[in-house]
Amino acid sequence: MINKLLGIKYPILQGGMANISTGSFASVVSNSGALGVIASGGMDKDTLRKEIRVCKSKTDGVFGVNLMLLHPQIDELAKIVIEEKVPVVTTGAGNPSKYIESWKKEGIKVVPVVPNSTLARRVEQYGADAVIAEGCESGGHIGPMTTMTIVSEVVQEVKIPVIAAGGMCNGKQMVAAEILGAQGMQMGTVFLATKECPIHENYRNAILKASSNNITVTGYSIGMPVRLIKNDMSRKYLAMERKGEDKMELEKFTLGSMKKAVLDGDTSNGSVMAGLVVGQINKISTVEETIERLMSEYYSEWEKIGEKYKTKRDENR
Ligand SMILES: Cc1cc2nc3c(=O)[nH]c(=O)nc-3n(C[C@H](O)[C@H](O)[C@H](O)COP(=O)(O)O)c2cc1C
């Protein structure tokens, strides 16, 4: 199980969320038995170092840092996780192969997020400890495959443990991921609906209110699809894409749009990233309650499966 590899109580990872998952938030998750992950997206190198120290001061548990490989200071961030003795590094938006050896030498567990099995095989060759196979049901930047297809394909292609991500907010979905061969589950959207999540109240309310019909994807035309809640910003962006606006113009339009939603609570003009599970989330809970609920549903679903199997076997005798 992934628990032993990462040193966590439950097989749950809180996915790194740019501009949201701070050191303090990650520590709350780690103190609740899952893996809290600080997101480097939206932070400069000094802020990342500061957030890692905040996290360490608030938990004795294992935590991780998510490094976005497109970050302009990525080489420096890759060194900071070594200097600060971060236990787990997850990576997003690219191929982290060139950093893996230096992290592994320092005892860091390396767990890249992969959108396909080609990258999964590549990072396994370079020594990754596990991979997170992320389906496009996820909030934020997405790849082309669904969780159902990517998890089973990656499990088939690599020997290292696979963690499923995308489209999970309850125990049934966790069991489904395990049946596909995943040994752990990474979730993001469900953690947005927690009391401790450092987002503006308007963002939290938008998560509660949204149904899956309110979700859309922008950025396909420039090869950078992002899943978010429909609003004025997404409608204008999609209209610009239909008109064939180039990458520079589109990027200019969304500059700072995530901070607008997360910090200012501008859910009309900001980027309210969220996954397709929003339609199943209708309550704000603490992080601890969320994790305890997930685990209790997970165990009870496995029990039900055991009972169903016993009944079926007895019927066929
Ligand atoms: C608001 C938001 C921001 C995200 N930012 C990042 C990020 O900075 N880096 C990353 O690797 N993944 C990012 N993700 C993806 C999550 O880490 C996680 O894999 C994903 O949310 C799982 O799918 P779910 O949203 O269906 O739970 C983000 C997701 C959300 C919802």
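Higher on the page you've got the structure.
Calculation criteria
Residues numbered from 1 in each chain as written. Predicted model: local features only at pLDDT ≥ 70, side-chain atom pairs only at ≥ 80, totals over all residues. Heavy atoms only, no water. Buried < 20%, exposed > 50% of the residue type's maximum accessible area, 1.4 Å probe, protein only. Helix = DSSP H or I, 4+ residues; strand = E, 2+ residues; numbered from the N terminus. Arc of directions from axis to C-beta. Contact = heavy atoms within 4.5 Å. Polar contact = N/O pair within 3.5 Å; in protein donor to acceptor, adjacent residues only side chain to side chain. Near = heavy atom within 4 Å. Areas by Shrake-Rupley, 256 points an atom, 1.4 Å probe, with all protein chains shown as cover. Nonpolar A, V, L, I, M, F, W, Y, C, P; charged D, E, K, R; others polar. Pairing = 2+ DSSP bridges. Axes fitted to C-alpha atoms, helices over the stretch in contact; angles between N-to-C directions. Phe/Tyr/Trp six-rings, centres within 6.5 Å; stacked < 30°, edge-to-face > 60°. Left-handed = near helix turned anticlockwise from the far one by under 90°. Disulfide = S-S within 2.5 Å. Patch = residues over 30% accessible without salt bridge, like charges linked within 9 Å, V, L, I, M, F, W, Y side chains within 5 Å. Salt bridge = Lys/Arg side-chain N within 4 Å of Asp/Glu carboxyl O. Lys, Arg positive; Asp, Glu negative; His and termini not counted. Charge placed at Lys NZ, Arg CZ, Asp CG, Glu CD.

(A) Main features of helix 11 (residues 232–242). Along helix 11, the residues classified as buried are Met233, Ser234, Tyr237, Met240 and Glu241. The buried residues of helix 11 occupy an angular sector of 120 degrees when the element is viewed end-on, so they sit on one face. Along its buried surface, helix 11 packs onto strand 10 (215–218), strand 11 (226–229) and helix 12 (247–254). A distance of 3.1 Å separates the backbone nitrogen of Met233 from a side-chain oxygen at the start of helix 11, and that oxygen is part of Asn231. Just downstream of helix 11 lies Gly244, where phi reads positive at about 85 degrees.

(B) Fine view of the site of the ligand. Taken together, 20 residues are adjacent to the ligand, and Glu134, Gly167, Gln186, Gly188 and Thr189 come closest. Ala18 is positioned such that a nitrogen or oxygen atom in its backbone is 3.1 Å from an oxygen atom of the ligand. Between the ligand and the protein, one listed contact pairs an oxygen atom with a backbone N or O atom of Gly139 at 3.1 Å. Calculation on the ligand without its partners gives an accessible area of 600 Å², and the protein chains cover 96% of this total. The set of elements that each furnish at least two residues to the shell around the ligand consists of strand 3 (63–68) and strand 9 (184–187). Class assignment for the residues of the shell around the ligand results in 9 nonpolar, 10 polar and 1 charged.

(C) Up close: the sheet that holds strand 11. If you trace the 3 strands from one edge of the open sheet to the other, you get 7-11-10, paired in antiparallel fashion. In the strand order of this sheet, the two ends are held by strand 7 (140–141) and strand 10, each with one partner. When strand 10 meets strand 11, the two strands line up antiparallel, connected through 4 bridges. Among the inter-strand pairings, Thr218 is bridged to a residue of strand 11, identified as Val226. Along the sheet face, helix 11 touches strand 10 and strand 11 and points at about 40 degrees away from the line of strand 10.

(D) Seen up close, the packing of aromatic side chains. Inspection of the entire model under this criterion finds 3 aromatic pairs. Aromatic pair Tyr237 and Phe253: ring centres 6.4 Å apart, planes at 45 degrees, arrangement tilted. Taken together, the residues span a long stretch of sequence, with Tyr237 in helix 11 and Phe253 in helix 12 at a distance of 16 residues.

(E) Expanded view of the packing of helix 2 (residues 23–31) against helix 3 (residues 45–58). Packing of helix 2 against helix 3 brings their axes to within 8 Å, and their N-to-C directions diverge by 30 degrees. Judged by the sense of rotation from one axis to the other, the crossing of helix 2 with helix 3 is right-handed. For the pair helix 2 and helix 3, contact is made by Gly23, Ser24, Ala26, Ser27 and Asn31 and by Glu51, Val54, Cys55 and Lys58, respectively. Tallied by class, the residues present in the contact of helix 2 with helix 3 amount to 3 nonpolar, 4 polar and 2 charged.

(F) Inspection of the environment of Val65 at higher detail. With respect to the helices and strands, the residue Val65 is situated in strand 3. Of the residues examined, Val65 reaches a relative accessible area of 0% and is grouped as buried. Remark: the alpha-carbon pair of Val65 and Glu51, spanning 14 residues in sequence, is separated by 9.8 Å.

(G) Inspection of the state of the cysteines at higher detail. Summed over the entire model, instances satisfying the criterion amount to 0 disulfides. Counting only cysteine sulfurs, Cys169 is the nearest neighbor of Cys136, a cysteine outside any disulfide, at a range of 16 Å. Free cysteine: Cys197, not disulfide-bonded; nearest cysteine sulfur from Cys55 at 14 Å.

(H) Local environment of helix 4 (residues 74–83). When helix 4 is considered as a whole, its buried residues turn out to be Ile74, Leu77, Ala78, Ile80 and Val81. The buried residues of helix 4 occupy an angular sector of 160 degrees when the element is viewed end-on, so they sit on one face. Looking at the packing, one finds that the buried side of helix 4 touches helix 3, strand 3, strand 4 (88–92) and helix 5 (97–105). Of the residues flanking the end of helix 4, it is Lys85, one or two places downstream, whose phi is positive at about 50 degrees.

(I) Region of the structure containing the sheet that holds strand 9. Overall, parallel pairing links the 8 strands, which are arranged 1-9-8-6-5-4-3-2 in an open sheet. With one partner strand each, in any of the chains shown, strand 1 (12–14) and strand 2 (36–39) form the two edges of the open sheet. Pairs of neighbouring strands in the sheet enclose a mean axial angle of 25 degrees, with direction left out of account. Examined bridge by bridge, strand 2 and strand 3 share 4 bridges and lie parallel to one another. The partner of Ala39 across the bridge, within strand 3, is Asn66.

(J) Up close: the environment of Pro161. With respect to the helices and strands, the residue Pro161 is situated in the loop between helix 7 (147–157) and strand 8 (162–165). A C-alpha to C-alpha distance of 9.6 Å links Pro161 and Val111, two positions 50 residues apart in sequence. With sequence-adjacent residues up to four places away left out, Pro161 is seen in contact with Ile2, Leu5, Asp129, Ala130, Val131 and Gln183.

(K) Layout of a negative patch on the surface. A contiguous patch of negative charge on the surface is contributed by Glu196, Glu288, Glu289 and Glu292. Within the secondary structure, Glu196 is located in the loop between helix 9 (189–192) and helix 10 (201–209). For Glu196, a relative accessible area of 32% puts it in the partly exposed group.

All quantities given are derived from atomic positions and should not be read as evidence of function.
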